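A closer look at the structure
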Amino acid sequence: MSLSDDKHKITDQINQTNSLKELEELRLEYLGKKGFIPNEMKLLGSLSIEEKKSKGQELNQLKQLIEESIKEQKIYIENADLNQKIKNENIDITLPANLNSKGKIHPITQTTFDIIEIFGHLNYSVETGPDIETDFNNFSALNIPSHHPAREMQDTFYVEGKKNEENNVLRTHTSPVQVRTMLKTKPPIKIIVPGRTYRSDSDSTHTPMFHQVEGLVVNKNATMADLKSTLIVFLKEFFHVEDLKYRFRPSYFPFTEPSAEMDVAYTKKNNVIKIGEGDEWLEVLGCGMVNPKVLENCNIDPQIYQGFAFGMGIERLSMLKYGITDMRGLFDVNYKWLEHFGFNALDIKTRSEI
Ligand code: PHE
């Protein structure tokens, strides 16, 4: 048999192997120390110079071809093995999850979730609005006309309006979303509005950007008693305190009449605040019956409809619930702080699980 016949036989053999073991056996058979090629090389010694030269060349070419074929077949087998492995592999969904989470949920986000969840159970839906508001939505519609002293209750950031247009503001509270909602929907309305708010104020208890949750209920028979019971249920749920000690104090807001502020009692032992009992009081929210003028400004007939509203600061509630003492920590973007006060995403429980 000539070497060129051998060539086809050998490459066919190589291409038909199915395992690395078979391939290795063939390699030894042809290229190994005592294999076919080295044997043939040895025989060259007995040939004439001419024959030696041409046969030697042929043998070298064959050797090279075998080496290359083996290399290619090796890659082919390895790929086939890998594909087979992937095909057979199945994921065991009963294995425990890897709980080494990388990031944390910020306490403000967590507190917002807490609040939304409680009001969700009371059938409120969530509305949102833009951070940049018109003067009308933030002030005038809410019964705070320009040059009214009540504007000074809230140090406002103004945003220059377009030419010949009035200036916009960074909303100083979430109340403008009351206006937006009343202008676009007919009562009954039952909403809460979480969101960012801004006032030009900065010290250890104020930051220029902060968060509020607003509540608004408008229907034909909402009363102050409904407002009070709603807020009491909310705060008991929020702080997980059944015998919560609280009080309503008369107050003033241009957009509610009558208006009140709600305080919860607390004690401080060893620098730790305990909510719900004791003789000290902390203000936690503002509220009242929607001023009929506001309903009118939003095209709702105050002869037919009435409502109540409330607004609370998320930072204050978050600090009280989670024992955070310096408000500025909430916005310092300090990873260590967040590691300590933040929440693991998988720890967020729905209320029914608590
Ligand atoms: N908007 C008020 C504030 O930011 C809070 C509030 C809302 C009071 C709704 C009464 C009713 O101070």
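In what follows, the accompanying structure is described. All figures in this text were calculated on a predicted structure; none of them were measured in a lab.

What follows is about the packing of aromatic side chains. Both the distance between ring centres and the angle between the ring planes are used here to describe each pair of aromatic rings. Enumeration over the complete set of coordinates arrives at eleven aromatic pairs. Consider the rings of Phe 238 and Phe 239, whose centres lie 4.9 Å apart with planes at 80 degrees: the pair is edge-to-face. Look at Phe 238 and you get buried, because its relative accessible area is 0%. Look at Trp 337 and Phe 341: their rings are 4.9 Å apart centre to centre, the planes differ by 45 degrees, and that puts the pair in the tilted class. With Trp 337 and Phe 341 both in helix 11 (residues 335–341) and four residues apart, this pair spans about one turn of that helix.

Looking at soluble globular proteins, one finds that nonpolar side chains tend to be buried together. Judged by nonpolar contacts, the single largest core of 40 residues is most densely connected at Leu 235 and Phe 310. Taken together, the elements giving at least two residues each to this core come down to helix 5 (107–121), strand 6 (209–219), helix 8 (224–239), strand 8 (256–269), strand 10 (280–290), strand 11 (306–313), helix 10 (314–322) and helix 11. Looking at this core element by element, the count peaks at seven residues for helix 8. Filtering out sequence-adjacent residues up to four positions away, Phe 310 remains in contact with Phe 119, Tyr 124, Ile 192, Val 213, Glu 214, Gly 215, Leu 227, Leu 231, Gly 286 and Cys 287.

Moving on to the site of the ligand. The immediate surroundings of the ligand are formed by 13 residues, with His 173, Ser 175, Arg 199, Gln 212 and Glu 214 found nearest. Surface burial for the ligand is 92%, taken as the share of its 320 Å² of free accessible area covered by protein chains. Judged by the proximity of its atoms to the pocket grid, the ligand belongs to the largest pocket. Counting only elements with at least two residues in the shell around the ligand, the list comes to strand 6, strand 10 and strand 11. With three residues, the single largest contributor to the shell around the ligand is strand 11.

Here the largest pocket is characterised by a volume of approximately 1,300 Å³. If you trace the largest pocket, you find 49 residues lining it, with His 206, Glu 283, Val 284, Gly 313 and Arg 316 closest to the centre. Elements that contribute at least two residues to the lining of the largest pocket include exactly strand 6, strand 7 (246–253), strand 8, strand 9 (272–275), strand 10, strand 11 and helix 10. Looking at the lining of the largest pocket, the element that brings in the most residues is strand 10, giving six residues.

A separate point is the sheet that holds strand 3 (residues 158–159). In spatial order, the strands read 2-4-3; together these three strands make up an open sheet with antiparallel pairing. The strands lining the two open edges of the sheet, one partner per strand, are strand 2 (132–134) and strand 3. Relative to strand 4 (residues 168–170), strand 3 runs antiparallel, the two being bridged by two bridges. Bridge pairing links Tyr 158 to Val 169 in strand 4.

What counts, and where the lines are drawn
Residues numbered from 1 in each chain as written. Predicted model: local features only at pLDDT ≥ 70, side-chain atom pairs only at ≥ 80, totals over all residues. Heavy atoms only, no water. Phe/Tyr/Trp six-rings, centres within 6.5 Å; stacked < 30°, edge-to-face > 60°. Buried < 20%, exposed > 50% of the residue type's maximum accessible area, 1.4 Å probe, protein only. Helix = DSSP H or I, 4+ residues; strand = E, 2+ residues; numbered from the N terminus. Core = buried A, V, L, I, M, F, W, Y, C linked by side-chain atoms within 4.5 Å. Contact = heavy atoms within 4.5 Å. Near = heavy atom within 4 Å. Areas by Shrake-Rupley, 256 points an atom, 1.4 Å probe, with all protein chains shown as cover. 1 Å grid on protein atoms, 1.4 Å probe; cavity = no way out; pocket = protein on both sides within 12 Å on 5 of 7 lines; lining within 4 Å. Sits in = over half its atoms within 2 Å of the grid points. Points joined across faces, edges and corners; volume = space filled by probe spheres on them. Pairing = 2+ DSSP bridges.

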